Amino acid sequence: MLTDPIADMLTRIRNAHLALHKEVSVPRSKIKESIAAILKQEGYIEDVAMEEAEIKISLKYFKGKPVIAGLKRVSKPGRRVYVGSSDIPKVQNGLGICILSTSSGVLAGTQARDRKVGGELLCEIW
């Protein structure tokens, strides 16, 4: 059993990129499905396939280099980080995204800012 499954997902993606793998699989959960869908929507990964017990993520490369330059888990089980709608950070001066868990579901930072909802700042991706 994992204490932080979101950090495990991000670490698996980071390690697969460093090893130049084409795809990575992570155990399935609703929040990880939402995070993977946001990554696909924002263009950071190629495709997401939901299987019975796991999520297969097809990684994206540009000229042999990973599209995702960095992943950072912000809110951790030992220290939760909550932000209001006006305090949602701009990652790498707008070049990256942040993902929040809000009352409206899991949203990218720009979507949460547009809907004027805050929540728990899960991670930053650039």
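Caption draft 1: A look at the sheet that holds strand E2 (residues 45-50). As summarised here, the arrangement of the 3 strands in space is E1-E3-E2, forming an open sheet in which the pairing is antiparallel. Only two strands of the sheet have a single partner each, and these edge strands are strand E1 (23-27) and E2. Adjacent strand axes in the sheet meet at a mean angle of 20°, parallel and antiparallel pairs treated alike. Bridge count between E2 and strand E3 (residues 54-59): 5 bridges; the pairing is antiparallel. Pairing of Asp 47 across the sheet is with Ser 58, part of E3. Across the face of the sheet, helix H1 (residues 5-18) comes into contact with E1 and E3 while running at roughly 165° to E1.

Caption draft 2: A look at the nonpolar core. Of all hydrophobic cores here, the largest spans 26 residues; its most connected members are Ile 13, Ile 35, Ile 57, Ile 99 and Ile 125. Where this core is concerned, the elements lending two or more residues are H1, E1, helix H2 (30-41), E2, E3, strand E8 (97-102), strand E9 (105-108) and strand E10 (119-125). Counting residues per element, this core draws most heavily on H1, which supplies 5 residues. Leave out the neighbours within four places in its chain, and Ile 125 touches Leu 39, Tyr 44, Ile 68, Gly 70, Leu 71, Val 91, Gly 96, Ile 97 and Ile 99. Formed by 11 residues, the second largest nonpolar core is a distinct cluster that contains Val 81, Ile 88, Leu 100 and Val 117.

Caption draft 3: Quick look at the pattern of salt bridges. Using the criterion set out here, one finds 7 salt bridges in the structure. With a shortest N-O distance of 2.4 Å, Glu 33 and Arg 28 are connected by a salt bridge. Taking relative accessible area as the criterion, Arg 28 reaches 36% and is therefore assigned partly exposed. Here Glu 54 makes a salt bridge to Lys 56, at a shortest N to O gap of 3.6 Å. According to the relative accessible area criterion, Lys 56 is partly exposed, its value standing at 23%. Via salt bridges that share partners, Glu 23, Glu 54 and Lys 56 belong to a single interconnected network.

Caption draft 4: Broad picture of the side chain of Asp 8. With respect to the secondary-structure elements, Asp 8 resides in helix H1. Leaving out residues up to four positions away in the same chain, Asp 8 has contacts with Leu 2 and Pro 27.

Caption draft 5: Examining the side chain of Glu 120 more closely. With respect to the helices, strands and loops of the structure, Glu 120 is situated in strand E10. Assessed through its relative accessible area of 12%, Glu 120 is described here as buried. Of the polar contacts made by the side chain of Glu 120, one reaches the side chain of Arg 80; its length is 3.0 Å. Here Glu 120 is in contact with Ser 75, Arg 80, Val 81, Tyr 82, Ile 99, Leu 100 and Ser 101, once residues within four sequence places are set aside.

Calculation rules
In every chain, residue numbers begin from 1 and rise along the written sequence. Given that this is a predicted model, residues contribute local features only at a pLDDT of at least 70 and side-chain atom pairs are listed and counted only at 80 or more, while totals for whole chains, interfaces and linings are drawn from all residues. Where side-chain values are given, they derive from all heavy atoms of the structure, hydrogens and water being excluded. Any two strands are treated as partners once DSSP identifies two or more bridges connecting them. For the purposes of this entry, the term helix denotes a DSSP run of H or I that reaches at least four residues, the term strand denotes a run of E that reaches at least two, and both are numbered from the N terminus. The axes are straight lines fitted to the C-alpha atoms, using for helices just the contacting stretch, and the angles between their N-to-C directions are given from 0 to 180°. Contacts were defined at the residue level, with two residues in contact if any of their heavy atoms lie within 4.5 Å. In this description, a nonpolar core means a group of buried Ala, Val, Leu, Ile, Met, Phe, Trp, Tyr and Cys residues linked to one another through side-chain atoms lying within 4.5 Å. Throughout this description, buried means an accessible area under 20% of the type-specific maximum (1.4 Å probe, protein chains only), exposed means over 50%, and partly exposed covers the range between. We count a salt bridge whenever a side-chain nitrogen from Lys or Arg sits within 4 Å of a carboxyl oxygen from Asp or Glu. Counted as a polar contact is a pair of N or O atoms within 3.5 Å, where, for protein atoms, one must be capable of donating a hydrogen and the other of accepting one, and residues adjacent in sequence contribute only when both atoms are in side chains.

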